[in-house]
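Results of the structural survey
The residues making up each chain are set out below.
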Amino acid sequence: MSEPKSSVRSRSAPKQALEAAMADKAGNPLRRALWLDAMDRQLRPHLPPALANRCRLANVDGEHLVFLVESPVWHAKVRLAEDQLLDAARSIGLKATRVTVKTATASAHSPVRNDQRSTAVSEVTHKGLRDALAALQDVKSTKS
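Along each chain, residues carry numbers from 1 onward, in the same order as the chain's sequence is written. The predicted origin of the model limits local features to residues at a pLDDT of at least 70 and limits the giving and counting of side-chain atom pairs to 80 or more, whereas totals for whole chains, interfaces and linings rest on all residues. With hydrogens and water stripped out, all remaining heavy atoms of the structure feed into the side-chain values.

An unreviewed UniProt entry annotates the protein chain as DUF721 domain-containing protein of Stenotrophomonas terrae.

In structure tokens, the structure reads:
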């Protein structure tokens, strides 16, 4: 009887893949993305509460911070809070002097969240579904 494969190897495989991906110059974009994510997580608690969940640190280019927001309304609010954002960034060690805000609209191919789905079904849809169900039941009863 053969021995079952060790689960230790399967748990270490992703770690080995990550180490391999980051081992040389090809890992620079991954390292940069991880660093930006860490900076965003450090910065978020220092942001005004209304903005903390509505903007994301997208880039740091020297003294220039780039934030992404989801709508023009939040774009304007982040612009108005620029001094607070710069102070917050300096509090975590970034030498920030300038802020750019970009509005990133959702991709046309992004999945629909549960709260975005329409719950209303038209009468025409109901009728079509009833007709389709009736047709399927007719086919099933004729085969029996």
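More follows now that the structure is in view.
What follows deals with the overall build of the protein chain. Elements are defined by DSSP. Helices are runs of H or I of four residues or more, strands are runs of E of two residues or more, and each kind is numbered from the N terminus. Looking only at helices and strands, the protein chain features six helices and three strands. Taken from the N to the C terminus, the helices and strands of the protein chain come in the order α-α-α-β-β-α-α-β-α. Burial classes: relative accessible area under 20% of the type maximum marks a residue as buried, over 50% as exposed, and values in between as partly exposed (1.4 Å probe, protein chains only). Residue burial in the protein chain is summarised as follows: out of 144 residues, 22% are buried. Contacts were defined at the residue level, with two residues in contact if any of their heavy atoms lie within 4.5 Å. Considering only intrachain contacts with a sequence separation of at least 6, the fraction spanning at least 24 residues in the protein chain is 48%. Surface accessibility of the protein chain: about 11,100 Å² in total, with carbon and sulfur atoms responsible for 57%. Under the convention used here, a 1.4 Å probe and the Shrake-Rupley method define accessible areas, while residue burial counts only the protein chains that appear.

Attention shifts here to the nonpolar core. Counting residues in each nonpolar core, the largest one holds 24 residues, and the members touching the most others are L43, L65 and F67. Where this core is concerned, the elements lending two or more residues are α2 (28-43), α3 (49-52), β1 (55-61), β2 (64-69), α4 (72-80), α5 (82-91) and β3 (98-103). Looking at this core element by element, the count peaks at four residues for α5. Ignoring any residue separated from it by four or fewer positions in sequence, one finds L65 in contact with L57, N59, V60, L86, A89, L94, A96, R98, V99 and T100. Working definition of a nonpolar core: buried Ala, Val, Leu, Ile, Met, Phe, Trp, Tyr and Cys residues. They are joined through side-chain atoms within 4.5 Å.

Bringing the confidence of the model for the protein chain into the picture now. The predictor reports its confidence for every residue as pLDDT, a score running from 0 up to 100. In this model, the protein chain carries a mean pLDDT of 78, and residues with pLDDT of at least 70 account for 72%. Low pLDDT (under 50) marks residues 107-113, which in the prediction has two contacts with non-local residues, meaning those over four places away or in another chain.

Let us look at α2. In a regular helix each residue adds 1.5 Å, so 16 residues correspond to 22 Å; α2 covers 22 Å between its end C-alpha atoms and thus fits that length. Listed as buried for α2 are L36, M39, D40 and L43. The buried residues of α2 occupy one face: seen down the axis, they fall within an arc of 100°. Considering only its buried residues, α2 is in contact with β1, β2 and α5. One less than the number of residues in a helix, times 1.5 Å, gives the span that helix is expected to have. By construction, the arc corresponds to the directions joining the helix axis to the C-beta atoms.

Quick look at the pairing of β1 now. Note on pairing: two strands pair once DSSP finds at least 2 bridges between them. With six bridges connecting them, β1 and β2 associate as antiparallel partners. The partner of L57 across the bridge, within β2, is F67. Linking two consecutive strands that pair antiparallel, namely β1 and β2, is a turn of two residues; a positive phi of about 65° is found at G62 within it.

Pairs were defined over the aromatic rings of Phe, Tyr and Trp, the Trp ring being its six-membered one, requiring ring centres within 6.5 Å. Orientation was assigned from the angle between planes: stacked under 30 degrees, edge-to-face over 60, tilted for the rest. This structure, assessed with the given rule, holds zero aromatic pairs. Here the basic side chain of K77 rests over the ring of W74, its NZ or CZ set 4.7 Å away from the ring centre. Here, a charge over a ring means that NZ of Lys or CZ of Arg falls within 6 Å of the ring centre while also lying within 35 degrees of the ring normal.

The next thing to look at is the sheet that holds β3. With mixed pairing, the three strands of this open sheet are ordered in space as β1-β2-β3. In this open sheet, the two edge strands, each paired with only one partner strand, are β1 and β3. Strand-to-strand, the axes of this sheet are offset by a mean angle of 25°, without reference to chain direction. To obtain an axis, a line is fitted to C-alpha atoms, over the contacting stretch when the element is a helix, and the angle between two such axes runs from 0 to 180 degrees between their N-to-C directions. Sitting on the sheet, α4 is in contact with β1, β2 and β3, with an inclination near 175° to β3.

Salt bridge, as applied in this entry: a Lys or Arg side-chain nitrogen positioned within 4 Å of an Asp or Glu carboxyl oxygen. Tallied over the full model, the rule gives seven salt bridges. Among the salt bridges present, the one from R56 reaches D37, with a minimum N-O distance of 2.9 Å. In this pair, R56 is assigned in strand β1 and D37 in helix α2, connecting sequence segments 19 residues apart. For R56, a relative accessible area of 39% puts it in the partly exposed group. Between R44 and D40 there is a salt bridge, with the nearest N and O atoms lying 2.6 Å from each other. Classification of D40 as buried rests on a relative accessible area of 3%.

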